[in-house]
Amino acid sequence: MAAQGLAAEVAGNLLAVALGFYVVAGVAVLHSLCAGLAAKRFLLVVLYGALLVVPHVLAPVALAGLADVWLDLRRWGRSAGA
């Protein structure tokens, strides 16, 4: 029984680290998508404010970072900004 508890704890810690990496990637995706917009500064301030105040925002941002691995979402930001 102790091995399952240890395995669950290690898995939870690894998940937390992976979530952090995907949140950083998701923020990069959102920066890329906002690059060509006129209200870029305002949208990024809202994004960072929401990340600091509302912890539920972390999940969709991390999903955007995870989706970028397969869908190359930053390419859409580059083509829109060009």
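Conventions used here
Residues numbered from 1 in each chain as written. Predicted model: local features only at pLDDT ≥ 70, side-chain atom pairs only at ≥ 80, totals over all residues. Heavy atoms only, no water. Helix = DSSP H or I, 4+ residues; strand = E, 2+ residues; numbered from the N terminus. Buried < 20%, exposed > 50% of the residue type's maximum accessible area, 1.4 Å probe, protein only. Areas by Shrake-Rupley, 256 points an atom, 1.4 Å probe, with all protein chains shown as cover. Salt bridge = Lys/Arg side-chain N within 4 Å of Asp/Glu carboxyl O. Expected span 1.5 Å × (residues − 1). Arc of directions from axis to C-beta. pLDDT = per-residue confidence, 0-100. Contact = heavy atoms within 4.5 Å. Patch = residues over 30% accessible without salt bridge, like charges linked within 9 Å, V, L, I, M, F, W, Y side chains within 5 Å.

1. Some remarks on the overall build of the protein
At step 1: The secondary structure content of the protein amounts to 4 helices and 0 strands.
At step 2: Of the regular secondary structure in the protein, the N- to C-terminal order runs α-α-α-α.
At step 3: Expressed as a percentage of the 82 residues in the protein, the buried residues total 20%.
At step 4: About 5,900 Å² of surface is accessible on the protein, with carbon and sulfur atoms providing 75% of the total.

2. Some thoughts on the pattern of salt bridges
At step 1: As enumerated under the stated definition, the model contains 2 salt bridges in all.
At step 2: In this structure, Asp68 and Arg74 form a salt bridge, with 2.7 Å as the shortest nitrogen-oxygen distance.
At step 3: Across the pair Arg75 and Asp72 runs a salt bridge, and its minimum N-O distance is 3.5 Å.

3. A look at helix 3 (residues 58–71)
At step 1: The end-to-end C-alpha distance of helix 3 is 19 Å, a good match for the 20 Å that 14 residues give at a rise of 1.5 Å each.
At step 2: Looking at helix 3, one finds that the buried residues are Val61, Ala62, Ala64, Gly65 and Asp68. The arc that holds the buried residues of helix 3, viewed along the axis, is 150°, so those residues lie on one side. Exposed residues on helix 3 whose side chains face more than 90 degrees from its buried face are Pro60, Leu63 and Trp70.

4. A few points about the confidence of the model for the protein
At step 1: Chain-level pLDDT for the protein is 89 on average; 89% of the residues reach the 70-or-more range.
At step 2: Confidence scores differ between elements of the protein, with helix 4 (residues 73–81) showing the lowest mean pLDDT of 72 and helix 2 (residues 40–53) the highest of 95.

5. So, the side chain of Asp68
At step 1: In this fold, Asp68 is placed in helix 3.
At step 2: Look past the residues within four positions of Asp68 in its chain and what remains in contact with it is Val29, Leu73 and Arg74.

6. Re a nonpolar patch on the surface
At step 1: On the surface, a nonpolar cluster with roughly 460 Å² of combined accessible area is contributed by Tyr22, Val69, Trp70 and Leu71.
At step 2: Ranked by residue count, the leading element in the nonpolar patch is helix 3, at 3 residues.
At step 3: Mapped onto the elements, Leu71 comes out in helix 3.

7. Describing helix 2
Since the α-helix advances by 3.6 residues per turn, residues separated by three or four positions end up pointing in the same direction.
At step 1: Here helix 2 spans 20 Å end to end across 14 residues, near enough to the 20 Å set by a 1.5 Å rise per residue.
At step 2: Among the residues of helix 2, Leu44, Leu47 and Leu51 are the ones counted as buried. Considered in projection along helix 2, the buried side chains sweep an arc of 55° and stay on one side of the axis. Among the exposed residues of helix 2, those pointing more than 90 degrees away from its buried face are Arg41, Phe42, Val45, Leu52 and Val53.

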